[in-house]
Amino acid sequence: MYFSKISLLPRASEDPIFWSGLGSAYQSHHRVWDLFSDGPDRKRDFLYRQEYGTGLPSFISVSSREPNDRLGMWDVLTKEYSPVLSEGQHLRFSLRANPIRTRWIEGKDGKQVHKRHDVVMDRKIQLREEGIPGNEWPDSQHIVQNEGYEWLASRSEDHGFVLFPEEFIAGGYLQQKFMKKKGKHLISISTMDFDGILEVTDPERMHQTLMEGIGPSKGFGCGLLLVKPV
């Protein structure tokens, strides 16, 4: 596996066509895909996330192959990635995820249908169904923190780690909607940024998580778990 830091070269920043392709998560996906695709049948074998607040667009990726900058638009720094993990090890982590819940409800025809909502919207729907007035709801950051922790903690064991709740921070809640390049299908994703400290409970599963990510929407920059020693 390979770990890469990918930054847009200054000269590329003057290309208006390139900038027009970074207006949404869907367009960013295509720009990053260009670095890893070697044919129309290639399946995604990489994870990535966009780094904000760095000026020119930049990304971090974990991939099974080295990125290939055929267009000469990027400064790519790549190294081999083979983390050594041990049970009981403490790691500081960062994760951007699309935390969703799926609930089954009765449809108009009486059949059970599933509805997907991000965890913040799901909690607000619950509060509304419980008849709690809006002015009595917890503030948004409280909902983001609590629901974000619950979502990740409920998945941590299957991914080889446990969280420390007192060290966990959730923020950066963002809803995005965009159209695919072809067709009229509207895509909606919500993202959160999680930071904190975890303990490795199953090194093999944890290693797999670092390579395969957590949660849905990995093709849109979600799911990459970044870790470093405490």
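What comes next is a walk through the structure. (Residues numbered from 1 in each chain as written. Predicted model: local features only at pLDDT ≥ 70, side-chain atom pairs only at ≥ 80, totals over all residues. Heavy atoms only, no water.)

1. Overview of the overall build of the chain
Step number 1: In terms of helices and strands, the chain carries five helices and eleven strands.
Step number 2: Looking at the chain residue by residue over its 230 residues, the buried ones come to 42%.
Step number 3: The contacts in the chain between residues at least 6 apart in sequence include a share of 67% that link residues at least 24 apart.
Step number 4: Here the chain has roughly 13200 Å² of accessible surface; of this, 50% comes from carbon and sulfur atoms. (Helix = DSSP H or I, 4+ residues; strand = E, 2+ residues; numbered from the N terminus. Buried < 20%, exposed > 50% of the residue type's maximum accessible area, 1.4 Å probe, protein only. Contact = heavy atoms within 4.5 Å. Areas by Shrake-Rupley, 256 points an atom, 1.4 Å probe, with all protein chains shown as cover.)

2. Digging into the environment of Gly72
Step number 1: Take Gly72: it is sitting in the loop between strand 3 (58-63) and strand 4 (74-80).
Step number 2: What makes Gly72 partly exposed here is its relative accessible area of 25%.
Step number 3: Along the chain, Gly72 and Leu8 lie 64 residues apart, while their C-alpha atoms are 9.5 Å from each other.
Step number 4: Excluding residues within four positions of it along the chain, Gly72 makes contact with Leu9 and Arg11.

3. Description of the sheet that holds strand 1 (residues 2-8)
Step number 1: Sheet architecture is open: four strands sit in the order 2-3-1-4, paired in antiparallel fashion. Edge positions in the sheet fall to strand 2 (46-51) and strand 4, since each of these pairs with one other strand and no more. The mean angle between the axes of side-by-side strands here comes to 15°, regardless of whether they run parallel or antiparallel. (Pairing = 2+ DSSP bridges. Axes fitted to C-alpha atoms, helices over the stretch in contact; angles between N-to-C directions.)

4. Description of unusual backbone geometry
Step number 1: With phi around 65°, Ser217 is a residue other than glycine that occupies positive phi space.
Step number 2: Relative to the helices and strands, Ser217 resides in the loop between helix 5 (203-212) and strand 11 (225-229).
Step number 3: Accessibility expressed as a relative area gives 18% for Ser217, which makes it buried.

5. With respect to the pattern of salt bridges
Step number 1: In the structure shown here, the tally under the stated rule is nine salt bridges.
Step number 2: A salt bridge links Arg205 to Asp202, with the nearest nitrogen and oxygen atoms 3.7 Å apart.
Step number 3: The exposure class assigned to Arg205 is partly exposed, which follows from its relative accessible area of 39%.
Step number 4: Note on Asp202: relative accessible area 27%, which makes it partly exposed.
Step number 5: Counted as one network, the salt bridges with shared partners bring together Arg101, Asp122, Arg123, Glu130, Glu147 and Glu150. (Salt bridge = Lys/Arg side-chain N within 4 Å of Asp/Glu carboxyl O.)

6. So, helix 3 (residues 119-129)
Step number 1: Val119, Val120, Asp122 and Leu127 are the residues of helix 3 that are buried. Buried residues along helix 3 cover an arc of 165° about the axis, so they all sit on one side. Along helix 3, exposed side chains directed more than 90 degrees from the buried face belong to Arg128 and Glu129.
Step number 2: Measuring from the side-chain oxygen of the N-cap residue of helix 3 to the backbone nitrogen of Val120 gives 2.9 Å; that N-cap residue is Asp118.
Step number 3: Gly131 sits one or two positions beyond helix 3 and adopts a positive phi of about 75°. (Arc of directions from axis to C-beta. Polar contact = N/O pair within 3.5 Å; in protein donor to acceptor, adjacent residues only side chain to side chain.)

7. Examining the packing of aromatic side chains
Step number 1: On inspection of all chains with the given rule, the structure shows nine aromatic pairs.
Step number 2: Look at Phe168 and Phe194: their rings are 5.5 Å apart centre to centre, the planes differ by 35°, and that puts the pair in the tilted class. You can see Phe168 sitting in the loop between strand 8 (161-163) and strand 9 (169-179) and its partner Phe194 sitting in strand 10 (residues 186-200), a full 26 residues away along the chain. Across the pair, Phe194 and Phe168 agree in class, each one buried.
Step number 3: Each residue in the set Trp33, Phe36, Phe46, Tyr48, Phe59 and Trp74 is aromatic and connected to the rest through ring pairs, giving one cluster. (Phe/Tyr/Trp six-rings, centres within 6.5 Å; stacked < 30°, edge-to-face > 60°.)

Honestly, it's all geometry; don't read function into it.
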